[in-house]
Amino acid sequence: MREPSLSVVEFPADDVERARRFWEGLLSVQLDARGEGEGQGFETRSEGARIGVHARGPGPGDTWSLPYFAVPDMTTAIERVEALGGSVVHPGDRWAICKDSEGTPFALAAD
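Just so you know, these numbers come straight off a predicted model, no measurement behind them.

**Here's the deal with the confidence of the model for the protein chain**
Inference 1: Looking at the protein chain as a whole, its pLDDT mean stands at 87, while 92% of the residues score no less than 70.
Inference 2: Scored below 50 in pLDDT, residues 1-5 shows zero contacts in the model against residues more than four places distant or in partner chains.

Here's what the structure looks like:
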């Protein structure tokens with residue numbers, strides 16, 4: 001059986017620019033404006049799983065998301081979460097549940 005692959009993780013935001021800065025800073029990625037036919041907001045352009053940020057709205061996927069991100073150093077990642085305006089809900093050595101600058105939950109998992 002084939003392992004599932006993550007394609008896009010969408011993060012709704014009350015302040016899209018603030019959320020964009022948070023995710024770019026935490027994951028060291030660039031989120032570019034989406035083009036025609038891609039919807040609104042910003043998205044990474046790298047191979048593999050993509051990250052997207054869009055304005056919070058009333059539709060499906062506009063409330064919360066809980067993806068897991070692999071990080072090489074949990075202590076450093078947790079420090080970056082807090083420095084970028086996020087919070088750590090449940091810290092740990094192998095995984096941590098956090099909230100971004102918009103209050104959206106996500107998880108970090110040690111590589």
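**Side note on the environment of V89**
Inference 1: For V89, the position within the fold is in strand β6 (residues 87-90).
Inference 2: On a C-alpha basis, the gap between V89 and K99 in space is 7.0 Å, while along the polypeptide they are 10 residues apart.
Inference 3: Ignoring sequence-local partners within four residues, the contact set of V89 consists of I97, C98 and K99.

**Here's the deal with the sheet that holds strand β3 (residues 42-43)**
Each strand in a sheet pairs with its neighbour through backbone hydrogen bonds, running either in the same direction (parallel) or in the opposite one (antiparallel).
Inference 1: Read from one edge to the other, the open sheet built from four strands follows the order β1-β4-β3-β2, with strand pairing classed as mixed. The open sheet terminates on both sides in strands that have one partner only, identified here as β1 (8-13) and β2 (32-33).
Inference 2: As defined by bridge partners, β1 adjoins strand β4 (residues 50-55) across six bridges and the pair is classed as parallel. Directly across from P12, in β4, lies its bridge partner H54.
Inference 3: Along the sheet, helix α1 (residues 16-27) makes contact with β1, β3 and β4, crossing β4 at roughly 160 degrees.

About the criteria used
- Residues numbered from 1 in each chain as written.
- Predicted model: local features only at pLDDT ≥ 70, side-chain atom pairs only at ≥ 80, totals over all residues.
- Heavy atoms only, no water.
- pLDDT = per-residue confidence, 0-100.
- Contact = heavy atoms within 4.5 Å.
- Helix = DSSP H or I, 4+ residues; strand = E, 2+ residues; numbered from the N terminus.
- Pairing = 2+ DSSP bridges.
- Axes fitted to C-alpha atoms, helices over the stretch in contact; angles between N-to-C directions.

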